[in-house]
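Survey of secondary and tertiary structure
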Amino acid sequence: MKVIALEQVHFSYQRKDILKDINLGFERGGVVSLLGPNGSGKTTLLKIMLGLLQPKSGLVSFDGRPIKSIPRPVFARQIAYVPQVHREAFAYTVEEVVLMGRAPYHSFFSAYSSKDHDIAADSLARLDILHLKDRPYTEISGGERQLVLIARSLAQGASVFIMDEPVNGLDYGNQMRLLDGIRRLAAEGLTFIMTTHFPDHALMTADRVILFKDGTVINDGSPAQTITQESIFELYRINVNVVSMSCGSRVCMPIWATGTTGASTLAP
Ligand code: ADP
């Protein structure tokens, strides 16, 4: 059974059609990257999967049940939206931020139990950041904060993680550490569905890539099938070579061909 399924989903803002006849199913486990130009409807699709927007028509289901029929607290424990890095107003420790993921399991006034602390520690350990446990959340790096937010969702018991451009604003090292953390959790059977602006990140991390343009899916398959010179040109109007490295990985290299006039042939 698909963990998330969208059948004939249409969505529009006012009169403008944003998503047109979307049919997608997501298996449990692995990384799915959504790739497409700005304004193509990726964020809208994520919001529909999270139940934050209602489609104009069509059905969205989670584990075979229409999401509208699942009580909100039950749904919210299973599927986590991991926001882009932000600063908390108060200097909670990293452990306190992760413990917030346990809040749905408690009445307002009950204290966190030793089980909650164990789950928080385990979530941090799974992302290799247990050493940050007692640090103020405001004093760790952006990449570490993003990992802490994933740990909070793990502590909440989520099995599906929805992320909108998770590496936004992170330096190269933090981008790679974050993608590595995501890959490792996906290998344990968790599901990550995320948008990215970087075809290379999809090549590095994704098991499946969905190419999006003008509110429709134009390609859906493995990174090797979907990320090609032709598809990148169709999405972004940029010429690239998709190069196979000796290590087996593939990368996109823009074709810079600056002539004597200084004109570039990157654009058509
Ligand atoms: P992407 O994530 O691919 O950049 P979005 O899903 O954010 O695309 O946006 C898709 C389209 O919907 C864009 O044309 C955008 O301008 C429009 N849009 C997004 N949010 C709103 C809104 N709240 N009201 C009206 N139009 C919106």
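Data block above holds the structure.
Here we summarise the structure given alongside this text. Please read all numbers here as calculations on a predicted model, not as lab measurements. Each chain has its residues counted from 1, following the order in which its sequence is written. Since the coordinates come from a predicted model, pLDDT governs what is reported: local features require at least 70, and pairs of side-chain atoms require 80 or more to be given and counted, while whole-chain, interface and lining totals use all residues. Heavy atoms from the whole structure form the basis of all side-chain values; hydrogens and water molecules are not counted.

1. Focus on the overall build of the protein chain
- Each helix is a run of H or I in the DSSP string that is no shorter than four residues. Each strand is a run of E no shorter than two, and both are numbered from the N terminus. Within the protein chain, the regular secondary structure consists of nine helices and 12 strands.
- C-alpha atoms define the radius of gyration, and 2.2 Å times the number of residues to the power 0.38 defines the globule rule. Here the C-alpha atoms of the protein chain give a radius of gyration of 20 Å, agreeing with the 18 Å that 2.2 N^0.38 yields for 268 residues.
- Each principal axis of the C-alpha atoms in the protein chain carries an extent, and together these give about 70 × 45 × 35 Å.
- Considering the protein chain as a whole, with its 268 residues, one finds that 45% of them fall into the buried category.
- Residues count as neighbours in contact if any of their non-hydrogen atoms are within 4.5 Å of one another. A separation of at least 24 residues holds for 64% of the contacts in the protein chain among residues at least 6 apart in sequence.
- Charge-centre separation for the protein chain: the mean point of 27 positive side chains lies 6 Å from the mean point of 26 negative side chains. When accessible area is computed with a 1.4 Å probe and restricted to protein chains, residues below 20% of their type maximum are described as buried, those above 50% as exposed, and intermediate ones as partly exposed. His is not counted, nor are the chain ends; Lys and Arg add positive charge and Asp and Glu add negative charge. For the purpose of locating charges, the reference atoms are NZ of Lys, CZ of Arg, CG of Asp and CD of Glu.

2. Let's talk about the site of the ligand
- Taken together, Tyr13, Gln14, Lys16, Ile18, Pro37, Asn38, Gly39, Ser40, Gly41, Lys42, Thr43 and Thr44 form the complete shell of residues around the ligand.
- Here a polar contact means two N or O atoms within 3.5 Å. Within protein one must be a hydrogen donor candidate and the other an acceptor candidate, and residues neighboring in sequence count only if both atoms are side-chain atoms. Within the side chain of lysine 16, a nitrogen or oxygen atom sits 2.9 Å from an oxygen atom of the ligand.
- At 2.8 Å from an oxygen atom of the ligand is found a side-chain nitrogen or oxygen belonging to lysine 42.
- Accessible surface area values rest on a Shrake-Rupley calculation with a 1.4 Å probe, where residue burial reflects the displayed protein chains alone. Out of a free accessible area of 570 Å², the ligand has 63% covered by protein chains. Only a single heavy atom is needed: when it lies within 4 Å of a molecule or strand, its residue is near that molecule or strand.

3. Comments concerning the pattern of salt bridges
- Whenever a carboxyl oxygen of Asp or Glu lies within 4 Å of a side-chain nitrogen of Lys or Arg, that contact is scored as a salt bridge. Under the criterion given, the structure shown has eight salt bridges.
- Arginine 184 serves as the salt-bridge partner of aspartate 180, at 3.5 Å between the closest nitrogen and oxygen. Taken as a pair, aspartate 180 and arginine 184 lie in helix α6 (residues 172-187) at a separation of four residues, close to a single helical turn.

4. Brief notes about the side chain of glutamine 175
- Structurally, glutamine 175 can be placed in helix α6.
- Accessibility expressed as a relative area gives 12% for glutamine 175, which makes it buried.
- Residues in contact with glutamine 175, not counting those within four places in the same chain, are Val167, Leu170 and His201.

5. A closer look at helix α1 (residues 42-49)
- Burial analysis of α1 places six of its eight residues in the buried class, the great majority of the element.
- Glycine 51 sits one or two residues past α1 and shows a positive phi near 75°.

6. Here's the deal with the pairing of strand β7 (residues 160-164)
- Among the five residues that make up β7, five are buried, leaving the element largely enclosed by the rest of the structure.
- Of the two faces of β7, the one holding Val160, Ile162 and Asp164 and the one holding Phe161 and Met163 are both buried throughout.
- Only when DSSP finds a minimum of two bridges between them are two strands counted as paired. Where β7 lies against strand β8 (residues 191-196), five bridges are found, and the strand directions are parallel. From the neighbouring strand, methionine 163 faces β8, where its bridge partner is methionine 194.
- Handedness rule for crossovers: strands pointing away from the viewer, path from the first strand over the helix to the second running clockwise, crossover right-handed. Running through α6, the crossover from β7 to the neighbouring parallel element β8 is right-handed.

7. Observations concerning the nonpolar core
- Of all hydrophobic cores here, the largest spans 45 residues; its most connected members are Leu127, Val148, Ile150, Phe161, Ile182, Phe192 and Ile227.
- Top contributing element to this core by residue count: helix α5 (residues 142-156), with seven residues.
- Leave out the neighbours within four places in its chain, and isoleucine 227 touches Leu35, Pro199, Ala202, Leu203, Val209, Ile232, Val242, Arg250 and Cys252.
- The definition of a nonpolar core used throughout is a set of buried Ala, Val, Leu, Ile, Met, Phe, Trp, Tyr and Cys residues joined through side-chain atoms within 4.5 Å. Ile22, Leu50, Phe75 and Ile210 belong to the second-largest nonpolar core, a separate cluster that totals 29 residues.

8. What to know about the environment of methionine 253
- Considering the arrangement of structural elements, one finds methionine 253 in strand β12 (residues 250-254).
- Judged by its relative accessible area of 45%, methionine 253 falls in the partly exposed class.
- Excluding its chain neighbours within four sequence positions, the residues that come into contact with methionine 253 are Asn239, Val240, Asn241 and Val243.

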